[in-house]
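Given next are the chains, with one letter for each unit.
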Amino acid sequence: MRRLSLGLFFVVLWAMIFAPSAQAQTITVKPELTWQRSTESNDKTVHESHPAENLPAALVLPMDPDQVVWDQGMFTPLANSLAVPAGNYWASWPQYSWDGNPNRCGPIYYLRHFQAKFNLDTSMLGKSGAVILSSPYYPDNVIPINDNIYIYLNDNFLTQLGTSYKATYLNVNDQHGSAPYANETDGWVANGQMPEMAYSALKSGENTMDLITGEWCQWGGMGKLALTVQSEVPDVAAFLDLPWDYESAGLSFTDAALAINAFFDHEYPFLSLGLEEPASAAGTIINFQSSRRINGSYSSHDGYDYGHLARANLGDPILAAASGCASYSYSPETGNAITIAHPNGYQTKNFHLEDADLVSSDSAKPCVDVTQHQMVGRLGYTGHVIPADEPGAHVHFMVYNKDGVVVDPFGWQSPDPDPWETYPTGAKSYYLWQKEIDNLDKSLPANSSLSFKNGHFTLTFFDQTSTQDLKINLQSAPEVRSANLVSIGPSLWATATDSLGGLVGTFQNSYMMEVDFNGLDLTGLNLDTVAIYSSQDGKTWTKETTTVDKINKVATTQLNHFTYFALMAAKSDTTAPQTSSSVWGYKVTLAAADNSGGTGTSYILYKVDDSDWQEYTEPVEITDEGQHTIEYFAVDNADNQEEVKSETIEIKTDNQTQSDNQTVSDNQKTTENNNQNLVTQLISAVAPAIEVPFTPVEPGIVLAASSPSPILAPAAAGTGVGFPWWIIIIILSFILFCLAMVYLISDR
């Protein structure tokens, strides 16, 4: 579906220009922090020669319940303490390596461990938001610190701040103790806005924040800190399910949702607007997982196409993705369309449905109430749906927000800005599916043996795989295709980060990856070619050494790196079926044959002139006078699509009058009529004797095909509308004999 009617274009354009863009609600939560600090003694405090050198050792410093966290400057020089406004609190600590000489600093750093615990109900939070750690005494989101601080949230490293990293010197009279609030000891402050990953690290129930502080000169200090969580809550809660019965087809939500024929293009989803995207973006898309432009299917697409790949086949019921009021519309581009207006103000649209079993088929009638999972039509092929990268019938599924702007129900899952959200007439997309895609975030302690399962993938780490603590993230991704390779089920993005948030691409030793492909569609695949592949960019794939258990359907490999993975196989059937046609009278008969050893023909689609594409089930009858074009093609069970073929057919009604200069006597007319009656009687007498069913071509019907199709050509086997060639020859010979006899009789 690549165009939209002009009327609908102006309606949508008006809505996008004049309607206010949807605004998410922002919820601010300030959880109460319960603080502790570690033991303060020479043999327990971690020391180091360079910043961040011994953070793991500092993290395990035990909490000391006898330590006062906010000591109001116990170790701060008196002049600095006196400069602090009454009621302000801060933490201070000595620098053990300092020898008391104010003109020089200590040779080493000493690290302390502070810890804060807080409770949070994440059920009230949205999918995105901000985490801010700051001093309550400052008007801005700042952390007063002297000198360095390293921040962790629920074992996730967030950031490093301070004089060695990202800090600002307030430079007030350039004197210690003269900063506006003085509780940072000497005027150094850093931005307390935590990285975006901090929000995803939050969890329901008890959360733990660890701070490692470092000081290398004279004394250290840190202002009292408070936590703020700002949550961007979507204007609607998740409410959608996929619009077909994927569970009865044997698929999980993840497997079905990621079996995508065509994606929502986050850069320019202009399809329904009839607008042109810039030439630089033509032929590429940006999907919901990355801001990286890729050669995906297909540019400017404004919804999701689901078909055979997701076990949504021609004629299958299309279900209401959520409850609402369903209405019908039709255009040459969308075909039969059902739009459901939901109580929350959103709309979903289902395009290309069959003519049969529509919940409503009259655009003039009021909408019809439907409940979630109620059938609203059948998956079809009406409308403009024949790009080469979309073989076969499918449903085009779209979501519009409250302001009538098309959005992505998968949301936006990249840390980079969403191009569609920043577009002047675009909108923010939220994750609207009621079920979650299989994803995993787990910690892998150093030198530990653990297994992590995500969807069909299981990763087993051994005690020597990694010598450092890691954060493992496994994210299910859509199915992929490369040249003749097809992925079996969803692919997998695997990433690992160290304690400082740095990406770890290679491990010290190998781990084991297993992919269970039981229950996945193997139609048209060569099982001898099944293997695990890896890719750095999603375009070029490298085959990994893989052991395949064909009986239990498990593929296994040993790897020492993380990247993008997919279980793939070569197609065993790459040849499209071929359709032949034959014409008899008013009817055109189509028959398709797949290649030897192929997967078999799935269906034939055809259209006459500008009508909708529809499935071929019986000979096509054409009776209207004039020239007609019938187009057709076949698709096999491996999704190989035949090139579209066509026939040009002309039907004429013979109303030609006698020429003015031709005179025919009444006797001649009578003789001709008698001769014609005699021929008819002779044929009627003979036809029953040879017992051949006969449907004569009506006078005045002329059929001219672009491919050889004689007027009396035999139809395809089994259609019941053709004749054996030898019977036709006998009949024609007998007619010629009768005409000769009539001529001889009339000549006498």
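Per chain, residues are indexed from 1 in the order of the written sequence. Local features in a predicted model are, by the rule used here, given only for residues with pLDDT of at least 70; side-chain atom pairs are given and counted only at 80 or more, and totals for whole chains, interfaces and linings are based on all residues. Hydrogens and water are ignored here; the side-chain numbers use all heavy atoms of the structure.

Asker: Looking at this structure, how should I read the overall build of the chain?
Answerer: Helix numbers and strand numbers start at the N terminus; a helix is a DSSP run of H or I with at least 4 residues, a strand a run of E with at least 2. Helices and strands together make up the secondary structure of the chain, namely eight helices and 44 strands. Burial classes follow relative accessibility: with a 1.4 Å probe on protein chains only, a residue under 20% of its type's maximum area counts as buried, one over 50% as exposed, and anything between as partly exposed. Taken across its 748 residues, the chain has 49% of its residues classed as buried. In what follows, residue pairs with any heavy atoms lying within 4.5 Å of each other are defined as contacts. Here the analysis covers contacts within the chain between residues at least 6 apart in sequence; of these, 70% occur between residues at least 24 apart. Residue burial considers only the protein chains on display, and all accessible areas are found by Shrake-Rupley using a 1.4 Å probe. Surface summary for the chain: the accessible area is close to 34,800 Å², and the carbon and sulfur share equals 51%.

Asker: How should I be thinking about the side chain of Gln475 in this particular structure?
Answerer: Inspection of the secondary structure assignment puts Gln475 in strand β28 (residues 470-477). Polar contacts, as counted here, are pairs of nitrogen or oxygen atoms within 3.5 Å of one another; within protein the pair requires one atom able to donate a hydrogen and one able to accept it, and residues that are adjacent in sequence qualify only if both atoms are side-chain atoms. Side-chain polar atoms of Gln475 contact the side chain of Gln413, separated by 3.1 Å. Not counting residues up to four positions away in its chain, the partners in contact with Gln475 are Gln289, Gln413, Asp438, Asn439, Asn454, Ser491, Leu492 and Trp493.

Asker: Looking at this model, I keep getting lost on the sheet that holds strand β32 (residues 506-516). Mind explaining?
Answerer: What links the strands of a sheet is backbone hydrogen bonding, and the strands pair in either a parallel or an antiparallel sense. A pair of strands is treated as paired once DSSP finds two or more bridges between them. Strand order across the open sheet formed by five strands is β26-β27-β32-β36-β35, with antiparallel pairing between neighbours. In this open sheet, the two strands that pair with only one neighbour each are β26 (450-454) and β35 (547-549). The mean angle between the axes of side-by-side strands here comes to 20°, regardless of whether they run parallel or antiparallel. When β35 meets strand β36 (residues 554-561), the two strands line up antiparallel, connected through three bridges. Note that in β36 the partner of Asp549 across the bridge is Val554. Simply put, an axis is a line fit to the C-alpha atoms, just over the touching stretch for a helix, and the angle between two N-to-C directions goes from 0 to 180 degrees.

Asker: Hey, could you run me through the nonpolar core in this one?
Answerer: In globular proteins that are soluble, nonpolar side chains generally tend to be buried together. Only buried residues count toward a nonpolar core. Its members are Ala, Val, Leu, Ile, Met, Phe, Trp, Tyr and Cys residues joined through side-chain atoms within 4.5 Å. Judged by nonpolar contacts, the single largest core of 65 residues is most densely connected at Leu240, Leu242, Tyr306 and Phe410. No other element matches the five residues that strand β23 (residues 394-400) contributes to this core. In this structure, Phe410 is in contact with Ala257, Leu258, Ile260, Phe288, Tyr304, Tyr306, Tyr430, Tyr431, Trp433 and Ile437, ignoring residues within four places of it in sequence. The next biggest cluster of nonpolar side chains, apart from the first, holds 33 residues, and it includes Trp35, Ala190, Tyr199 and Met209.

Asker: Sorry, what's going on with the state of the cysteines here?
Answerer: Each disulfide is one covalent bond, formed between the sulfur atoms of two cysteines. Throughout, disulfides are identified as pairs of cysteine sulfur atoms within 2.5 Å of each other. By the definition in use, this model includes one disulfide. One disulfide bridge connects Cys325 with Cys367, the sulfur atoms lying 2.0 Å from each other. Every disulfide takes its handedness from the sign of the S-S torsion; for Cys325 and Cys367 that torsion is 90°, giving right-handed. Here the residue Cys325 occupies a position in strand β18 (residues 324-331), and Cys367 occupies one in the loop between β20 (347-353) and β21 (368-370), the gap between them amounting to 42 residues. Exposure remark for Cys325: the relative accessible area of 14% places this residue in the buried category.

Asker: Honestly, the environment of Gly220 in this entry has me stumped. Any pointers?
Answerer: Its place among the elements puts Gly220 in strand β14 (residues 219-223). Between the C-alpha atoms of Gly220 and Ile145, which are 75 residues apart in sequence, the distance is 8.0 Å.

Asker: Would you explain the sheet that holds strand β42 (residues 620-621) in this entry?
Answerer: The strand order β38-β39-β42 describes an open sheet built from three strands, whose pairing is antiparallel. The sheet is open, and its two borders are formed by β38 (578-584) and β42, each paired with just one other strand. The pairing of strand β39 (residues 587-593) with β42 spans two bridges and is antiparallel. Each bridged residue has a counterpart across the sheet, and for Val588 the counterpart in β42 is Val620.

Asker: Teacher, can you tell me more about the packing of aromatic side chains here?
Answerer: Note on aromatic pairs: each is described by the distance of the centres and the angle between the planes. Any pair of Phe, Tyr and Trp rings, taking the six-membered ring for Trp, is counted once the centres come within 6.5 Å. Such a pair is stacked with planes under 30 degrees apart, edge-to-face with planes over 60 apart, and tilted for the rest. A full pass over the atoms with the stated rule returns 32 aromatic pairs. Summarising the aromatic geometry, the rings of Trp93 and Phe114 are spaced 5.8 Å apart at their centres and angled 50° between planes, so their arrangement reads as tilted. Of the two residues, Trp93 sits in strand β5 (residues 90-94) while Phe114 sits in strand β6 (residues 109-120), which places them 21 residues apart along the sequence. For the pair Trp93 and Phe114, a shared accessibility class is recorded, and that class is buried. Here Phe461 and Phe507 contribute two aromatic rings whose centre-to-centre distance is 6.0 Å and whose plane-to-plane angle is 70°, an arrangement assigned as edge-to-face. You can see Phe461 sitting in strand β27 (residues 457-461) and its partner Phe507 sitting in strand β32, a full 46 residues away along the chain.

Asker: Even after reading the chapter, I still don't get the environment of Asp355, so can you show me in this structure?
Answerer: Mapping Asp355 onto the fold places it in the loop between β20 and β21. As for Asp355 and Gly377, which are separated by 22 residues in sequence, their C-alpha atoms are 8.1 Å apart. In this structure, Asp355 is in contact with Asn336 and Thr382, ignoring residues within four places of it in sequence. Side chain to side chain, Asp355 and Asn336 meet in a polar contact 2.7 Å long.

Asker: Mind showing me how you'd approach the confidence of the model for the chain here?
Answerer: Parts of the model with low pLDDT should not have their predicted coordinates read in detail. On average, residues of the chain carry a pLDDT of 81, and 82% of them reach 70 or more. Residue-level confidence of the predictor, termed pLDDT, takes values from 0 up to 100. Between the elements of the chain, mean pLDDT differs from a low of 38, seen in helix α1 (residues 6-18), to a high of 98, seen in strand β17 (residues 317-319). Note on residues 1-22: pLDDT under 50 across the span, and 42 contacts to partners over four residues away in sequence or across chains. Every residue in residues 655-723 is under pLDDT 50, and counting partners more than four places away or in other chains gives 75 contacts.

Asker: Whenever I open this one, the pattern of salt bridges confuses me. Can you help?
Answerer: Any two side chains of opposite charge can pair, so long as their charged atoms come close to each other. In what follows, salt bridge is the name for a side-chain nitrogen of Lys or Arg lying within 4 Å of a carboxyl oxygen of Asp or Glu. Within this structure, the stated rule accounts for 11 salt bridges. As a salt-bridge pair, Glu40 and Arg37 come within 3.8 Å of each other at their nearest N and O atoms. When the shortest N-O distance is used, the salt bridge between Asp357 and Arg378 registers 2.6 Å. Of this pair, Asp357 sits in the loop between β20 and β21 while Arg378 sits in strand β22 (residues 375-378), placing them 21 residues apart in sequence. The partly exposed category is assigned to Arg378, whose relative accessible area is 23%.

Asker: Honestly, the pairing of strand β19 (residues 335-341) in this entry has me stumped. Any pointers?
Answerer: Every regular strand shows the same layout, with side chains that alternate between the two sheet faces. Judged by how many residues are buried, β19 sits mostly within the fold: six of seven residues are covered. Relative to β19, β18 runs antiparallel, the two being bridged by seven bridges. Bridge assignment links Tyr328 to a residue of β19, and that residue is Ile338. Two successive antiparallel strands, β18 and β19, enclose a turn made up of three residues. Pairing geometry for β19 and β20, over five bridges, is antiparallel. Paired with Ile340 across the strands is Thr348, a residue of β20. Between β19 and β20, which pair antiparallel in sequence order, lie five residues; one of them, Gly345, sits at a positive phi of approximately 95°.

Asker: Is there a simple way to think about the pairing of β14 in this case?
Answerer: Most of β14 sits out of view: five of its five residues are buried. Relative to β14, β5 runs antiparallel, the two sharing five bridges. Paired with Pro94 across the strands is Trp219, a residue of β14.

Asker: What exactly am I supposed to notice about unusual backbone geometry here?
Answerer: Leaving glycine out, the prevailing phi sign among residues is negative, and the prevailing peptide bond configuration is trans. The residue Ser300 is not glycine, and still its phi comes out positive at about 75°. Along the chain, Ser300 falls in the loop between α5 (253-257) and β16 (304-307). Phi angles above zero are rare outside glycine, and Asn447 is one such case at about 55°. Within the fold, Asn447 resides in the loop between β25 (439-444) and β26. Given a relative accessible area of 39%, Asn447 falls into the partly exposed group.

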